[in-house]
Amino acid sequence: ILLPQEGALYVLRAFMAVTEMVDSQYYLPNDIGISALDCREACRLLSPKEQMYAHYLSRASWYGGLIVLIQTSPESANIYVLLQKMFCAQAPQQLEAVATAAGLSAEEYQAFLVYAAGLYANMGNYKSFGDTKFIPNLPKFKALVWESLAFKQSPGDMETLWGYCCELLYSLEDKQKQLGLGEKGISAYFSGNCCLEDAEFAQKFLDSKNLSAYNTRLFKTEIDGKRCYEVRLASSEVCCGKYEFEDSVFSVKRGDYAFLMEKVCQNLEKAKDYAANENQKRMLEEYIRSFTCGSVEAHKEGSRYWIKDKGPIVESYIGFIESYRDPFGSRGEFEGFVAVVNKAMSARFAQLVSSAEVLLPELPWPLAFEKDRFLKPDFTSLDVLTFAGSGIPAGINIPNYDDIRQTEGFKNVSLGNVLAVAYATQKDKLTFLEENDKDLYIKWKGPSFEVQVGLHELLGHGSGKLFVQDDKGKYNFDQTAVRNPETGELISSWYKGSETWDSKFSTIASSYEECRAECVGLYLCLNKQVLSIFGHEGEDAEEVVYVNWLNMVRAGLLGLEFYTPESKSWRQAHMQARFVILRVLLEAGEGLVGLRECTGADGRPDAVITLDRSKIYTVGKSAIQRFLCKLQVHKSTADVEGGRALYEGYSAVTADGTHNFLHLRETVLLRKEARKMFVQANTYIKGDAVELVEYEGSAAGLIQSFVERFPDDAEEVEAQLLQMTCMDSSCWCLESGR
């Protein structure tokens, strides 16, 4: 921790040094797109009981969402509290006059607002999509803090807060530029002295105790020359157990994020009173049990009741869900969403579900590699009321527990009001396409993406069998008959005991699975029946296919933004997946996909990607068919070595070969457009009714929504966040010695 005067000098020097060398990827642009998610009509149609249910689920989600600050970086919670204190004392409009007095220009103050909005929207100072750090695009942050009303009211507290975060606020040391493990980046899932070998060793221990890593963090120390690991489980209860394992000691400690987990449980308990049926009540009871004692098994049980809750008007899911941001790929980030069903769009998805059993046999792997029985899931279009976490996706396939998905089922959701605003494109900002493709792309991107999301979630993530031998030696396949379609030999590997897809494929699991699901979407969108379900016939259907494939190859090029050459690592699972698909289609040859570098109209480096629509159904389909089969075979058979060799080979970004992808990456960064941020509403109880409060789609609106999010206990929440960060600080700084 630096003293305030030292911190000021550090920030000024750091900013001056950084501005000379940093490119735009570490700043959020002042004109970044910020849109409000419209949910008023959806909420208006809810009954009073449904509104209460949605309200308390939203409260649980928002409290839990604060956990992401702790999961993201050592400084995120400190910056969050600093901003909350400033904006709670003065709204963004009021603080503008203070900024002027502190010497900030209008552009600098806007940069401050955009940075604050970005911190709130990403629940930390690393982008949720790409895991790159972003820093304030202004040197006068400290001057604004010192002039603020919050500082004048509590100068000592604000000085201390500034001291906690001022160094890391601007730091762009190589390791701090992105999330990662060991030398590759920062991860708050692990102490600063942990490396990949520690993550693998801890996974081995967890597997031996039949413990899931989903709701854990790992902290390492050394006592008398012996490695000691602390596995922290998220729960409101606090207790600890010790275990000798090989040459090390493991402590399993419950009670991580205890204050926030208790808040989650309190609101889930209140939501129970307004549940629509027994499945919802039992679901919430199991979630409460999970979050109280740290049991992933209880969360899995809650997920089973969630699957059984067919066609609810208010849909929700909550817990440690996606493992994208764990560098090892096993730990889940907290996420909670509450949404209302869009009945018209859901009817189309229901048709797709009904057709699934006809469509699944079309996939390019033998019948033995498909699930024994397709468990028809719910597939609904939802308008989001609340999505708490680091970002908002367009669609979701959950739960992520493979043993449940394989034998009991899952649900798919498409987030309609997110799609409506997230993928709107302006022609003048549309990069890397030929002019004659741009109007077509703008017209059909939304409809084609809707088809892709539907196929990706339902038949992508919902397809394919894992071959398993359980603890009792029982197989879920005939090991004397099932053959590898690539070699013709009997399969020789499978999942054993407590092994899972995530634990086996670890660091590549998320991206590999996203790639498989994207390939399923590309492959099956060629099916006329699928296109008809979504209302596309004749020439319109062909345009949807063309733009869907064109969007994929363009996304593969855009994916280069999310590759870090220094560590040779990818920071975003979906974009790595799309780059891999681009490589596969380029390799197919015969002029299917073209990619050339050129000079843009502005004189700067540019690139153009093209797709020959006449070869999609021949060259393109064959290429995806072959690649998709390989992906599934490696996944089904737990063939980690073969799967890694295939996937990492196509993921490689080099200057060799036909295309200099390292050079193209520089062009992509030069012309990249910032990802949109979303402003979400708040709900409050007034008397016996729930009131919805919406905010304008701007940085100021996003900030105000967070200022008003915790009206009753903001100070307690902030104090607890600081306490949690303080408890972790020595572990995060073990390597650096700070």
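Counting starts from 1 at the beginning of each chain's written sequence and moves along it residue by residue. Per-residue local features are limited, in this predicted model, to residues with pLDDT of at least 70; the limit for side-chain atom pairs, both in listing and counting, is 80 or more; totals at the level of whole chains, interfaces and linings are taken over all residues. Neither water nor hydrogens contribute to the side-chain values; these are computed over all heavy atoms in the structure.

- Naming follows an unreviewed UniProt entry, where the protein chain appears as Dipeptidyl peptidase 3 of Sinocyclocheilus anshuiensis.
- One UniProt comment on the protein chain, placed under Catalytic activity (unreviewed entry), says "Release of an N-terminal dipeptide from a peptide comprising four or more residues, with broad specificity. Also acts on dipeptidyl 2-naphthylamides." UniProt positions are given in the numbering used here, feature names are shortened, and annotations may be inferred rather than shown by experiment.

1. Re the domain arrangement of the protein chain
Part 1: Start and end points for every domain follow an automatic or database-based domain assignment. Taken domain by domain, the protein chain comprises domain 1 (26-34 + 56-182 + 698-731) and domain 2 (423-671).
Part 2: Domain 1 and domain 2 are separated by 36 Å when their C-alpha centres are compared.
Part 3: Each partner contributes to the interface: domain 1 provides six residues, whereas domain 2 provides seven residues.
Part 4: Accessible-area loss on putting two parts together, using a 1.4 Å probe and summing over both, is the definition of buried area adopted here. When domain 1 packs against domain 2, close to 580 Å² is buried across both sides, 52% of that on carbon and sulfur atoms.
Part 5: Together, Phe 129, Gly 130 and Gln 178 form the three largest contributors to the area buried by domain 1 at its contact with domain 2, with a combined 69%.
Part 6: Taken together, the residues of the side of domain 1 that touches domain 2 break down into one nonpolar, three polar and two charged. Note on contacts: a residue pair qualifies if any of its non-hydrogen atoms lie within 4.5 Å across the two residues. When residue character is reported, Ala, Val, Leu, Ile, Met, Phe, Trp, Tyr, Cys and Pro are called nonpolar, Asp, Glu, Lys and Arg charged, and the others, Gly included, polar.

2. Things to note about the side chain of Ser 355
Part 1: Numbered from the N terminus, helices here are DSSP runs of H or I no shorter than four residues, and strands are runs of E no shorter than two. Secondary-structure assignment places Ser 355 in helix α15 (residues 343-359).
Part 2: Relative accessible area serves as the criterion here: at 10%, Ser 355 is assigned to the buried category.
Part 3: Ignoring any residue separated from it by four or fewer positions in sequence, one finds Ser 355 in contact with Gln 529 and Ile 533. Each residue gets one of three labels from its accessible area relative to the maximum for its type: buried under 20%, exposed over 50%, partly exposed in between, using a 1.4 Å probe on protein chains only.

3. Description of the UniProt feature "active site" (unreviewed entry) in the protein chain
Part 1: Residues given the UniProt feature "active site" (unreviewed entry) here are Glu 457.
Part 2: With respect to the helices and strands, Glu 457 occurs in helix α18 (residues 435-460).
Part 3: Judged by its relative accessible area of 7%, Glu 457 is buried.
Part 4: When near neighbours in sequence (up to four residues on either side) are disregarded, Glu 457 contacts Phe 379, Gly 395, Ile 396, Asn 397, Asn 412 and Gly 462.

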